[in-house]
Amino acid sequence: MRDAEPNSSQESADLTNCDREPIHILGKVQSYGCLIALSADWIITYASENCADLLGLTAKDIVGSRFSDVFSRETVHHLRTKMQVLSYQTGAARLFGYPALEDDRLFDISISQSDQNIIFEFEPRAVTDRKDLDRSTVRALIERVKRHQKVEDMAREAVRAIRLMSGFDRVMAYRFNDDDTGTVIAEICQPDQDSYLGLRYPASDIPKQARALYLRSPLRIIADVNANTHAIHPALDPNGRPLDLSLAVTRAVSPIHLEYLRNMGVAASMSVSIIRNGKLWGLFACHHQSPRYISYELRSEIELFSELFNYQLAQVELTAELAETDRARLLHDRLMAQLSGGRSMFDTFEVLSENIREVVPFDGAAIFTEGEYKSTGSAPTEEEFLGLARFLNTTPSGQVYQTNALSTRYPNVEGFSDRVAGIMALPVSRTPRDYFVLFRREIAESVNWAGNPEKPVELGPNGVRLTPRKSFDAWREIVRGQSAPWRSAEVRAADALRVTLLEVVLKMADERNAARKQAQNQQELLVAELNHRVRNILNLIRGLVSQGQEDARTLDEYRSVLEDRIFALARAHDQLTETEWSWVSFRSLVETEINAFLTSKASRVRITGDEIDLSPTSFSTLALVIHELVTNSAKYGALNDSSGSVNLDVRLQPDGIAKLAWREENGPPVQAPKRRGFGTTIIERSIPFELKGQADARYHVTGFEADFVLPSAHVRPASATKHSAQSLISDDRTEVQLHGHCLVVEDNMVIALDASDMLSDMGAGHVHTASSVADGLAILAKHTISFALLDVNLGDETSIPIIEKCLELGLPTVLATGYGASKDLLIRFPTTPVLNKPYNSDSLYRMVSTAIRES
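Residues numbered from 1 in each chain as written. Predicted model: local features only at pLDDT ≥ 70, side-chain atom pairs only at ≥ 80, totals over all residues. Heavy atoms only, no water.

**Observations regarding the overall build of the protein chain**
Selection criterion: In this text, helices come from DSSP runs of H or I with a minimum length of four residues, and strands from runs of E with a minimum of two, each type numbered from the N-terminal end. Three exposure classes are used, based on accessible area relative to the maximum for each residue type with a 1.4 Å probe and protein chains only: buried under 20%, partly exposed in between, and exposed over 50%. Any two residues having at least one pair of non-hydrogen atoms within 4.5 Å are treated as being in contact.
Within the protein chain, the secondary structure is distributed over 24 helices and 37 strands. Relative to its full complement of 855 residues, the protein chain shows a buried share of 47%. Put simply, of all contacts in the protein chain between residues at least 6 apart along the chain, 66% involve residues at least 24 apart.

Structure follows, in structure tokens:
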């Protein structure tokens, strides 16, 4: 940048010049409406010159007249009645489609208060103005916004809605940053327009007084940047003061702003305020490439949408702030639990750092206490930190110190600037100063400005002023020596953390002994519980080892039986572990045992009746019982040959108990065992002894039978396992993939949005929507469409011409109708799939598949 000689004109042309422009008292109105102002006793004090064009009233002739001498008694009565609302609301009262002149002409009327004046603004209401947008549509659109929980996603949905309501070519959501610059966070525009998404605009683009007006008057439209404006007569009142137009909806705008819009190639614009907690959070900015006027009534519905959006934004951001507060409180509780146990912050530094990272992200951390230093991650060395500590000692005591540009405050950071750019220091003692410090590395931020934000100074008709820049191409600035900024929520969390750490330091000595004793008691309980469980397992294994000896005739047979029983317990334990020692399906237990031992004979075991789950305490017992039943049947019973079968019937009783019936049939003849082995003992005595249930085993020649009763404490109806057809459908979705441009013709705005989303999910690159035959045919003529979804009935017309054009072009087409596939429709278009309303993504997917397959 070259040096320049001092120049008094240039020196006075700073950014505050724009801030001083009196945009609320410009004394003119735009051409789409006229203005009449009254005194408190209803004498006309001001009138805009275009009252002659719009009302047939000459401004100079009516100023000083009684309002009732100019308008009829009925009109005066209605306007006085409507003014009642001004006593309990801010902003303007509104009257839509009112015959103010008692003829065929209708007007939308705004009524507002300006100092001692009452301002009436009249906008002629054209017969062709849209009337299909009502409160229910606005509510439906805001419901789509409410489906999102991220601000950026909400903004994207909102700009879609405002574009649909307003018809502007481009709609952007613009969020103000902490430095008053603004960033475009969401945008929808015409395919041939350059995108402004992600660009940052300098604070001077929206001067301070303009921001103040956006708070007072949330919506402003400029219907034509090149249209004539009309002066208000007189320019000054008898006391020499101009009329304050802060709340006037027809207020003319600054010539500088009009020049700014022309430089952007914008012919019409509309701005809608996004307000949070009484502050200007951002704007919805709407641009059109040709003049565009929308009625006051429609603008009011858009303003209502923005107010509902503001409420939803506040809810989402408040939820996020409360969540951050909760995380900070949980961090406090965790740290108190961790640090009140006798260990110092220095000893628990690593754990402490990881807990803090969950609330305040950082790249490095360090602790400096009692002359000792420890660090992790991207941090200074101990020698480097000693100098930094002396700098921190000069900061106010008892406060968190933070900066995201340490080099601007502490020049010696150059020695470790490759590791540290931002710092947040928490003093955790009084004397001497001890610190817990968080560090952030440099982020070479790439800021994409909408044109070079440096506005040239030039002399204009109004003196020295900053002129709007003429280029809005992306202009990149690289910012170095800075880290990511510390957010206000992070600073609040750090201050709460500082208090927590101080509390820990003060309490640590008193709590150390108590915590050590508590830890010792807990350890003793844990050892006792572990000892108890290990002894139970060892006793069970010892019983299997000792009692199973009587059943075996050889050592190999004994080893095999013992091994099978232990593996049955192991399988049961695996199933319990998989469910985290929760309830387990009885069927899974039986099938696991059958598959483990019977392999090819598994199909000969039938499980009938009710599906039940078993409690963890009963599962091991039932595993041994089922194991013995299965192995005995395979060795001696129905499953010993090729013809026998087993039926296991399960019945859940009204009182909650479960009855199990084991029936073997068509096997070899059965006889009772001559001696009672350990396997028989498990079958007959385990359930009564372990679960307080019942067991009855009978050895009939025709087959072994056993009945069991399981108490209600150990059984419950099985939890349902859902196998929906939906999953099958979703698995096939890769078979059909839309591409390119698709067309949706639908006269209901919300249905069109839903259909657009569904087609986008199927792969459509861009979905065009139309609500009339003319718009649909225009899209077909302009774009190469790959698929069309057409609503047959479009209010006062049908989409038959579009259907015929799509079929002529050979496009895959689906017809949507709320009247069903009528006979006439099927005769006229026999090969075109018909989709009945209401429909969802699955039914639409099937129809898209059919249309593509048959095209």
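Structure's up, so let's keep going.
**Things to note about the environment of Ser-417**
Mapped onto the elements of the fold, Ser-417 is located in the loop between strand E16 (401-403) and strand E17 (422-427). Under the relative-accessibility criterion, Ser-417 is labelled partly exposed at 37%. Separated by 65 residues in sequence, Ser-417 and Gln-482 have C-alpha atoms that sit 9.9 Å apart.

**A short note on the pairing of strand E26 (residues 645-652)**
On any regular strand, side chains alternate: one points to one face of the sheet, the next to the other face. Rules: By the convention used here, strands pair only if DSSP detects at least 2 bridges between them.
Summarising burial for E26: six of the eight residues are buried, a large majority. Across five bridges, strand E24 (residues 605-609) lies against E26 in parallel orientation. Across the sheet, the residue bridging to Ile-607 is Leu-648, located in E26. Note that E26 and strand E27 (residues 658-665) share eight bridges and pair antiparallel. Of the residues in E27, the one forming a bridge with Asp-649 is Ala-661. The turn linking E26 back onto E27 is made up of five residues, and Gly-656 within it adopts a positive phi angle of 95°.

**Quick look at the sheet that holds E16**
Convention followed: Note on definitions: angles span 0 to 180 degrees between N-to-C directions of axes, and those axes are lines fitted to C-alpha atoms, for helices only across the stretch in contact.
Taken in spatial order, the five strands line up as E15-E14-E18-E17-E16 in an open sheet, and their pairing is antiparallel. Looking along the sheet, the strands with just one partner apiece sit at the ends: strand E15 (372-377) and E16. Averaged over all pairs of adjacent strands, the angle between their axes in this sheet comes to 10°, without regard to strand direction. Together, strand E14 (364-369), E15, E16, E17 and strand E18 (435-440) form the strand contacts of helix H13 (residues 382-392), whose direction differs from that of E18 by roughly 110°.

**Let's talk about the packing of aromatic side chains**
For any pair of aromatic rings, geometry is given as the distance between the ring centres together with the angle between the planes. Operational definition: Think of it this way: a Phe, Tyr or Trp ring, Trp meaning its six-membered ring, pairs with another when their centres are within 6.5 Å, and the plane angle makes it stacked under 30 degrees, edge-to-face over 60, tilted otherwise. Counted as over-ring charges are cases with an Arg CZ or a Lys NZ within 6 Å of the ring centre that also lie within 35 degrees of the ring normal.
Tallied over the entire structure, the rule returns 17 aromatic pairs. Note on Tyr-699 and Phe-704: the rings are 5.0 Å apart at their centroids and 50° apart in plane angle, and the pair reads as tilted. A relative accessible area of 30% places Tyr-699 in the partly exposed class. The buried category is assigned to Phe-704, whose relative accessible area is 8%. Taken together through their ring pairs, the aromatic side chains of Trp-42, Phe-67, Phe-71, Phe-107, Phe-120 and Phe-122 make up a single cluster. Above the ring of Tyr-196, the side-chain terminus of Arg-170 is found at 4.1 Å from the ring centroid. The lysine or arginine in question, Lys-374, covers the ring of Phe-346, its NZ or CZ lying 4.4 Å from the ring centre.

**Here we look at a negative patch on the surface**
So the rule is basically this: A patch consists of residues whose relative accessible area exceeds 30% and which take part in no salt bridge; residues with like charges are grouped when within 9 Å of each other, and nonpolar side chains (Val, Leu, Ile, Met, Phe, Trp, Tyr) when within 5 Å. With residues, only the protein chains shown are counted as cover, and all accessible areas are computed by Shrake-Rupley using a 1.4 Å probe. Salt bridge, as used here, is a side-chain nitrogen of Lys or Arg placed within 4 Å of a carboxyl oxygen of Asp or Glu. In this tally Asp and Glu are treated as negative and Lys and Arg as positive; neither His nor the chain ends contributes. To locate a charge, take atom NZ for lysine, CZ for arginine, CG for aspartate or CD for glutamate.
Together, Asp-347, Glu-370, Glu-372 and Glu-382 make up a region of like negative charge exposed at the surface. Within the secondary structure, Glu-370 sits in the loop between E14 and E15. Under the relative-accessibility criterion, Glu-370 is labelled exposed at 68%.

**What about the pairing of strand E10 (residues 219-222)?**
In E10, alternate side chains face the same way, and those of Leu-219 and Ile-221 on one face and Arg-220 and Ile-222 on the other are all buried. Bridge count between E10 and strand E12 (residues 268-276): four bridges; the pairing is antiparallel. Note on E12: the bridge partner recorded for Leu-219 is Val-272.

**Overview of the nonpolar core**
Rules: Residues grouped as a nonpolar core are buried Ala, Val, Leu, Ile, Met, Phe, Trp, Tyr and Cys residues, joined through side-chain atoms within 4.5 Å.
Judged by nonpolar contacts, the single largest core of 38 residues is most densely connected at Met-270, Phe-284, Ile-302, Phe-305 and Phe-309. Contact partners of Ile-302, with chain neighbours within four places excluded, come to Ile-162, Met-165, Ser-166, Leu-219, Met-270, Val-272 and Ile-294. Counting 36 residues, the second largest nonpolar core, distinct from the first, contains Val-584, Val-590, Val-646 and Leu-648.

**Section: the confidence of the model for the protein chain**
Using the following cut-off: By definition, pLDDT measures how confident the predictor is in each residue, and it falls between 0 and 100.
Scored by pLDDT, the protein chain has a mean of 81; 78% of the residues are at 70 or more. Across residues 1-17 the pLDDT falls below 50, and counting only partners more than four positions away or on other chains, this stretch makes 15 contacts in the model. Residue range residues 456-467 is modelled with pLDDT below 50. Its contacts to residues more than four positions away, or to other chains, number 27 contacts.

**Points about H13**
Burial in H13 covers these residues: Phe-385, Gly-387, Leu-388, Ala-389, Phe-391 and Leu-392. Buried residues along H13 sit against E14, E15, E16, E17 and E18.

**With respect to the sheet that holds strand E30 (residues 715-717)**
Spatially, the three strands line up as an open sheet ordered E23-E25-E30, and their pairing is antiparallel. Only two strands of the sheet have a single neighbouring strand rather than two, namely strand E23 (584-585) and E30. Strand direction decides the pairing type here: strand E25 (residues 612-614) and E30, joined by three bridges, are antiparallel. Bridging across to E30, Ile-612 finds its partner in Pro-717. Contacts from helix H17 (residues 616-635) reach E23 and E25 within the one sheet, and its direction differs from that of E25 by about 95°.

**Notes on the side chain of Arg-163**
Operational definition: Counted as a polar contact is a pair of N or O atoms within 3.5 Å, where, for protein atoms, one must be capable of donating a hydrogen and the other of accepting one, and residues adjacent in sequence contribute only when both atoms are in side chains.
When you line up the elements, Arg-163 lands in helix H8 (residues 151-166). With no salt bridge to any partner, buried Arg-163 finds its closest opposite charge in Asp-169, at an N-O distance of 5.7 Å. Separated by 3.5 Å, the side chain of Arg-163 and the backbone oxygen of Phe-168 make a polar contact. Among residues more than four places away in sequence, those in contact with Arg-163 are Phe-168, Asp-169, Val-171, Ile-188, Cys-189 and Gln-190.

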